[in-house]
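Analysis of the macromolecular model
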Amino acid sequence: MKLGPILTGAAVTALLAAGGITYAVAQDNGAGRTLSVPAADSADAGFARDMAVHHQQAVEMSYIVRDRTSDEEVRRLAYDIAQTQANQRGMLIGWLDLWGLPKVSSQEPMTWMGMGNMASGKDGALMPGMATNSELDKLRSLSGKQAEVFFLQLMTDHHKGGVHMAEGCVSKCTVGVEKRLAQGMVAAQESEIQLMADMLKERGAAARP
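Remember, it's a predicted structure, so these values are computed and weren't measured experimentally. (Residues numbered from 1 in each chain as written. Predicted model: local features only at pLDDT ≥ 70, side-chain atom pairs only at ≥ 80, totals over all residues. Heavy atoms only, no water.)

**Here's the deal with unusual backbone geometry**
Backbone phi values are negative for most residues with the exception of glycine, while trans is the configuration of most peptide bonds. Convention followed: The secondary structure listing takes helices from DSSP runs of H or I that are at least 4 residues long and strands from runs of E that are at least 2 residues long, numbered from the N terminus. Remark: exposure states derive from per-residue accessible area (1.4 Å probe, protein chains only) relative to the maximum for the residue type, with buried under 20%, exposed over 50%, and partly exposed in between.
One non-glycine residue, Met110, lies in positive phi territory at about 75°. If you trace the backbone, Met110 turns up in the loop between helix H3 (72–99) and helix H4 (133–141). A relative accessible area of 0% places Met110 in the buried class.

**Points about the packing of helix H2 (residues 43–66) against helix H5 (residues 144–172)**
Put simply, the rule is: Geometry is summarised by axes, namely lines fitted to C-alpha atoms with helices restricted to the contacting stretch, and by angles between N-to-C directions that run from 0 to 180 degrees. In these notes the angle categories are as follows: under 35 degrees is roughly parallel, over 145 is roughly antiparallel, 65 to 115 is roughly perpendicular, and the rest is oblique. Take the far helix as your reference; a near helix turned counterclockwise from it by less than a right angle gives a left-handed crossing, and one turned clockwise gives a right-handed crossing. Contacts between residues were defined by any pair of non-hydrogen atoms, one from each residue, lying within 4.5 Å. Charged means Asp, Glu, Lys or Arg here, nonpolar means Ala, Val, Leu, Ile, Met, Phe, Trp, Tyr, Cys or Pro, and polar covers whatever is left, Gly included.
The contact between H2 and H5 brings their axes to 10 Å, and the two run at 165°. With respect to their mutual orientation, H2 and H5 come out roughly antiparallel. In this structure, the crossing between H2 and H5 has a hand that is left-handed. Together, Ala43, Phe47, Asp50, Met51, His54, Gln57, Ala58, Met61, Ser62 and Val65 of H2 and Ala147, Phe151, Leu154, Met155, His158, Gly161, Gly162, Met165, Ala166, Cys169 and Lys172 of H5 make up the contact between the two elements. Of the residues contributing to the contact of H2 with H5, the split by class is 13 nonpolar, 6 polar and 2 charged.

**Some details on the state of the cysteines**
We count it as follows: Cysteine sulfur atoms that pair up within 2.5 Å are treated as a disulfide.
Counted according to the given criterion, the structure contains 1 disulfide. Here Cys169 pairs with Cys173 through a disulfide, and the sulfurs are 2.3 Å apart. On the sign convention where negative means left-handed, the S-S torsion of about -120° between Cys169 and Cys173 marks this disulfide as left-handed.

**Observations regarding the environment of Gly162**
Relative to the elements of secondary structure, Gly162 occurs in helix H5. Residue classification places Gly162 among the buried residues on the basis of a relative accessible area of 1%. Expressed as a C-alpha distance, the spacing of Gly162 and Glu190, which sit 28 residues apart in the sequence, is 9.6 Å.

**Details of the nonpolar core**
Condition: Residues belong to one nonpolar core when they are buried, are Ala, Val, Leu, Ile, Met, Phe, Trp, Tyr or Cys, and are joined through side-chain atoms within 4.5 Å.
Among the nonpolar cores identified, the biggest contains 31 residues, and Phe47, Leu92, Trp95 and Met185 are the most heavily contacted of them. Contributing elements (two or more residues each) for this core: H2, H3, H5 and helix H6 (176–202). Once you skip the residues sitting within four places of it in the chain, Leu92 turns out to touch Phe47, Ala48, Met51, Ala52, Glu178, Leu181 and Met185. Grouped together as the second largest cluster of nonpolar side chains are 22 residues, Ala131, Leu136, Val149 and Met199 included.

**Re the packing of aromatic side chains**
The description of an aromatic ring pair uses the distance of the two centres, along with the angle that the planes make with each other. What counts here: Ring geometry is summarised as follows: Phe, Tyr and Trp rings, the Trp one being its six-membered ring, pair when their centres sit within 6.5 Å, and such pairs are stacked at plane angles under 30 degrees, edge-to-face over 60 and tilted between the two. Counting as a charge over the ring demands two things of the Lys NZ or Arg CZ atom: a distance within 6 Å of the ring centre and an angle within 35 degrees of the ring normal.
Enumeration over the complete set of coordinates arrives at 2 aromatic pairs. Aromatic side chains Phe47 and Trp112 sit 5.7 Å apart centroid to centroid with 75° between the ring planes, which places their arrangement in the edge-to-face category. Taken together, the residues Phe47 in helix H2 and Trp112 in the loop between H3 and H4 connect sequence positions 65 residues apart. A relative accessible area of 0% places Phe47 in the buried class. One residue, Lys138, lies across the ring of Phe150, its end atom 4.5 Å from the ring centre.

**As for H2**
Stated formally: Expected span, for any helix, means 1.5 Å times one less than how many residues it has.
Its 24 residues give H2 an end-to-end C-alpha distance of 34 Å, which sits within 8% of 34 Å, the value for a rise of 1.5 Å per residue. Burial of H2 is extensive: 19 of the 24 residues sit out of reach of the surface.

**Observations regarding the pattern of salt bridges**
Just so we agree on the cut-off: Only one rule defines a salt bridge in this text: a Lys or Arg side-chain nitrogen within 4 Å of an Asp or Glu carboxyl oxygen.
Considering all chains together, one arrives at 10 salt bridges under this definition. The residue Glu60 makes a salt bridge to Arg140 at a minimum N-O spacing of 2.7 Å. Linking Glu60 in helix H2 with Arg140 in helix H4, this pair joins segments that are 80 residues apart in sequence. As a salt-bridge pair, Arg208 and Glu135 come within 3.0 Å of each other at their nearest N and O atoms. Here Arg208, found in the segment after H6, pairs with Glu135, found in helix H4; they are 73 residues apart in sequence, far enough to count as distant. For Glu135, a relative accessible area of 18% gives the class buried. Each of Asp71, Glu73, Glu148, Glu202 and Arg203 takes part in one network of salt bridges that share partners.

Listed below in C-alpha cells is the structure:
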C-alpha cells in the first residue's frame, strides 16, 4: 500500500532522534515484508494510542519534579525520562498518522489487551500505573527530599504499568518495528525501576506496596 507524504515537524524530529525510523519501516513486519495498515481496533493501534497517553503523564511528572528539587541525580533521571518518553510518544503518534488511524478511540483504554473493563479512570488514572490527579497535585505541593521520594514512588508505579502494557504489545502487536520499540521499553523501564529502588533506599524510603 502506498503511503502519503513523509511526516514533518515534531513527529519527524522524534522519529529521527529515535534512530532514523522512516515511514516505510512503520509497516515492516521485521522480515523485510510490508504489511497492510493495522486496523483501528488492533493491538498495534491500541498500544500506540494508550502508550502515548501513558508516556505524556510520565513527561509531566518529570518536569514537575525538576522544578521541585535541586538534587542533580533526580533531576538527571527526570530529564532522561522526559526526553526518552517524549520521543517515543512522537513515534507512536506519528505511526497513527501514517496509518491514517484516529488518535483517540471510543473504546475504553486497554481494550486491545482485553482489559477495557479494568481501567476505572478514577481521578484521572486511565491505565495501570498512572498517577491520579490528586497525586499530581500532591507532587506539585512538595519540595526537596519529599518531592524526590514521592516522584520516585509514582514513577516506579508508572513504569510497572508501562512494562505491563509494553509486554502486551510484544505479545499481540504485528508491526515489527512497534514490537521492537515495546521490547526496548520493557528493558529500559525495568532497568530504571531498579535504579529508582536504589535511589529510594538512599533516601530511607521504598516503593509503594
